[in-house]
Amino acid sequence: MSNKNVFFNPFSKSNPVLVQILGICSVLAVTAKLEPAIVMGLSVIAVLAFSNVIISLIRNTIPTNIRIIVQLVVVAGLVVIVSQLLEAYAYDVSKQLSVFIGLIITNCILMGRLEAFAMANRPWPSFLDGVGNGIGYSIILVITGFFRELLGSGTLLGYQVIPQCLYDAGYVNNGLMILPPMALIVVACIIWAQRSYNKDLQENQ
Amino acid sequence: MANLRNFLDRVKPNFEPGGRFHAFHSVFDGFETFLYTPNTTSARSGAVHIHDSIDSKRTMIIVILALLPCFLFGMYNTGYQHWLALGSTDFPFWELMWYGFLTILPRVAVAYIVGLGIEFIAAQIKGEEIQEGFLVTGILVPMICPAEVPLWMLAVAVAFAVIFAKEVFGGTGYNIVNVALITRAFLFFAYPAKMSGDRVFVASGTPFGYGTALPDSFSGATPLGQIVGQTGPNIELTGIDGKIIDTWQAFHGLIPGSFGETSTLCILIGAVILLATGMASWRIMVSVFAGGLFMGWIANVFATPTYPASFLSPLDQLLLGGFAFAAVFMATDPVTSARTGTGKYIYGFLVGVIAVLIRTYNNGYPEGAMLAVLLMNCFAPLIDYCVVQANMRRRTRRMLTAKSARQ
């Protein structure tokens, strides 16, 4: 697989959320507003890229029996760094994301990429793979967050988007959009659209 | 009638392959089979299938007939509550009916146009004939909502329910949960301000310029909505004129509430029609009421001021709110309920228990009946599975004992 494919495939064809259905929990949890969704996406890109590189660098020295523990230690270290950085420079957002930054450790996408890719590839492709999968995950997060904040709160990134005259005319924000069930349905719609477009992803009947 | 048949036969060629309007063949087919029972049988040669004349379109029409008493009463009650709120003392029958009719007409129209529109489009895309399931759903939806629910909200909710509760599962007959109740649940969670509280259950507007508008400050809570504020063992529920609602009034249904579900009397008439024609399962109906009585009795025995609804008598639990309507028209939906005989008893009983449980022990959700039916819809296949498995185990054991006895 060329480096280009390694980087671009996770955007759509092997998207971690849409196709592998990994990392769903955080998609449901942090997408009620757009801003935490973007920050969460950036955090995952950073953690995924660097943990992939680190694991790839030391892949030949890790004893097979304890490789999961080693991977977890690396990821945990990076997550603590990200979490501390957020608390230092973006305190409000880190408050909103609360435990979900810490829970990046348990994000299935991370362990999946480390096991499936970084353990068997050189650092540069591993880095590309980490960034690619991180972006693939973030795209879904941002799309979901966009629709949920727009329809649920009438704002985007905290700014009023739906004009006041619509509210005066009787428009009401959709309260269900703020609740987690609607995140699942928004993700389902994205999956629906993607599979209608990419016919080869459709399961055989 | 012959004229109608002749007309259909005359225009039919236009909709057949090669005809001018072939693109709309599913629409034509939908109307034709709605008006006349199709005279075709399965095409496989040598088949000996006998078709009952009661196909699903005829079933739906009978359900609509059973809903009519509730619908007419809803029209009258909408007008009655409006007149009462105006402080009027005489209630001219036809004016009340006309007011109620004008209020509900746009809701029914929107529900049908949006729902059938989506069904027609889906049928056209899939190349199937139009399924008739929305015929009943379209009339149920306005009946279980407040009479003045905004039209655009209704349209959004119906579209959501038809697409996500029905079409994605494969259309009529394949849905897991009740489509009309999903519409209501969507409205309830998405726009709570328009679906609950003391502002929405009495029609206050002037539909098509008819009637007198109520002042903005007007408020009139439903009986179940008032319970939250009560504490003592003697619960006093009042109508919007300030008079106390007794059990008889809760039974005949001249009380504020959702459009078609206030009158237990009319619901019972509908139940008689459904049972006499064999359209609904008496097992489910009886066991829902039994479950409600049982849970109402338990709640009443352990009544506490923390949950004021527990002071209601078990009978009042059945008469108030949407309980009776859910028991007769929602829980008995043949697609989403349990199919096995024993399963129907379990399913119905749990619907009744959970409805009263939610309504009593969660003051925020007076409409427990809706959530109870939706929840049990999800469990119906599991109940059926357990019943079938238990049956198989029992018969296997019987067979083994018979075998060993013979040896």
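Please read all numbers here as calculations on a predicted model, not as lab measurements. Sequence order as written defines the numbering, with residues in each chain counted from 1. Chain letters start at A and ligand numbers start at 1, both assigned in the order the entries are written. Owing to the predicted nature of the model, reporting of local features is limited to residues with pLDDT of at least 70; listing and counting of side-chain atom pairs is limited to 80 or more, with chain, interface and lining totals taken over all residues. The basis for the side-chain values is all heavy atoms of the structure; hydrogens and waters are excluded.

**Q** Got a minute to help me understand the environment of alanine 380 of chain B in this structure?
**A** Residue placement: alanine 380 of chain B occurs in helix α16 (residues 368-406). Beyond its immediate chain neighbours, meaning those up to four positions away, alanine 380 of chain B contacts Thr336, Ser337, Ala338 and Tyr347 of chain B. Strands are runs of DSSP state E lasting at least two residues, helices are runs of H or I lasting at least four, and both sets are numbered from the N terminus onward. In this description, contact between two residues means that some pair of their heavy atoms is separated by no more than 4.5 Å.

**Q** Explain the pattern of salt bridges here, please?
**A** Any carboxyl oxygen of Asp or Glu within 4 Å of a side-chain nitrogen of Lys or Arg constitutes a salt bridge here. Overall, the coordinates contain four salt bridges over all chains when judged by the stated rule. Between glutamate 115 of chain A and arginine 67 of chain A there is a salt bridge, with the nearest N and O atoms lying 2.9 Å from each other. Of this pair, glutamate 115 of chain A sits in helix α7 (residues 108-116) while arginine 67 of chain A sits in helix α4 (residues 67-89), placing them 48 residues apart in sequence. Across the pair glutamate 119 of chain B and lysine 166 of chain B runs a salt bridge whose closest N-O atoms are separated by 2.6 Å. Linking glutamate 119 of chain B in helix α4 (residues 93-126) with lysine 166 of chain B in helix α6 (residues 151-166), this pair joins segments that are 47 residues apart in sequence.

**Q** Any chance you could explain the packing of helix α3 (residues 56-85) of chain B against α4 of chain B here in plain terms?
**A** When two helices pack together, their arrangement is captured by the angle between the axes and the distance separating the axes. Residues and elements named next belong to chain B. Axis separation between α3 and α4 bottoms out at 7 Å; the angle between their running directions is 120°. Accordingly, the angle class assigned to the pair α3 and α4 is oblique. Crossing hand, α3 versus α4: right-handed. Residues Ile64, Phe71, Leu72, Met75, Tyr76, Thr78, Gly79, Tyr80, His82 and Trp83 of α3 touch α4, and the partners they reach there are Phe93, Glu95, Leu96, Met97, Tyr99, Gly100, Phe101, Thr103, Ile104, Val108 and Tyr112. Note on geometry: axes are C-alpha line fits, over the in-contact stretch for helices, and angles between N-to-C directions span 0 to 180 degrees. Oblique is the label for every angle not falling under 35 degrees (roughly parallel), over 145 degrees (roughly antiparallel), or within 65 to 115 degrees (roughly perpendicular). Whether a crossing is left-handed or right-handed is set by the direction in which the near helix is turned from the far one by less than a right angle, anticlockwise for left-handed and clockwise for right-handed.

**Q** So what exactly am I meant to see when it comes to the interface of chain B and chain A here?
**A** A common measure of how large an interface is: the accessible area buried when the components associate. Facing 10 residues of chain B, the contacting portion of chain A comprises 12 residues. Buried area, as used here, totals the accessible surface that two parts lose on assembly, with accessibility defined by a 1.4 Å probe and the loss added over both. Between chain B and chain A, roughly 830 Å² of surface is buried when both sides are summed, and carbon and sulfur atoms account for 80% of that area. The largest contributions to the chain B side of the interface with chain A come from Trp152, Phe164 and Phe189 of chain B, which together make up 42% of the buried area. One can count zero salt bridges joining chain B with chain A. A 3.5 Å cut-off defines polar contacts: any pair of N or O atoms within that distance qualifies, except that in protein one atom must be a possible hydrogen donor and the other a possible acceptor, and neighbouring residues in sequence count only when both atoms are side-chain atoms. Put simply, chain B and chain A have two residue pairs in polar contact (both at pLDDT 80 or more) between them. Within the residue set of the side of chain B that touches chain A, elements represented by two or more residues are α6 and α7 (179-190) of chain B. No other element matches α6 of chain B, which puts five residues into the side of chain B that touches chain A. For this scheme, ten residues count as nonpolar: Ala, Val, Leu, Ile, Met, Phe, Trp, Tyr, Cys and Pro. Four count as charged, namely Asp, Glu, Lys and Arg, and the remainder, Gly too, count as polar. For the side of chain B that touches chain A, the per-class residue count stands at 10 nonpolar, no polar and no charged.

**Q** In this structure, what is going on with the nonpolar core? I would like to understand it.
**A** A general tendency of soluble globular proteins is for nonpolar side chains to be buried together. Residue and element names in this part refer to chain B. What we call a nonpolar core is a set of buried Ala, Val, Leu, Ile, Met, Phe, Trp, Tyr and Cys residues that are connected through their side-chain atoms within 4.5 Å. Here the term buried applies to any residue with accessible area under 20% of the maximum for its type, exposed to any over 50%, and partly exposed to those in between, with areas from a 1.4 Å probe on protein chains only. Within the largest apolar cluster, 134 residues are counted, with the highest numbers of intra-cluster contacts made by Phe325, Phe329 and Tyr347. The element that contributes the greatest number of residues to this core is α3, accounting for 13 residues. Look past the residues within four positions of phenylalanine 325 in its chain and what remains in contact with it is Leu67, Cys70, Leu140, Met143, Ile144, Gly260, Glu261, Ile267 and Met330. Ala309, Phe311, Leu312 and Leu319 belong to the second-largest nonpolar core, a separate cluster that totals 12 residues.

**Q** In this structure, what is going on with the confidence of the model for chain B? I would like to understand it.
**A** As a general rule, the predicted coordinates of low-pLDDT regions are not to be interpreted in detail. Scored from 0 to 100, pLDDT records how confident the predictor is in each individual residue. Model confidence for chain B is summarised by a mean pLDDT of 85, while 93% of its residues fall at 70 or above. Confidence estimates for the predicted assembly give a pTM of 0.87 and an ipTM of 0.85.

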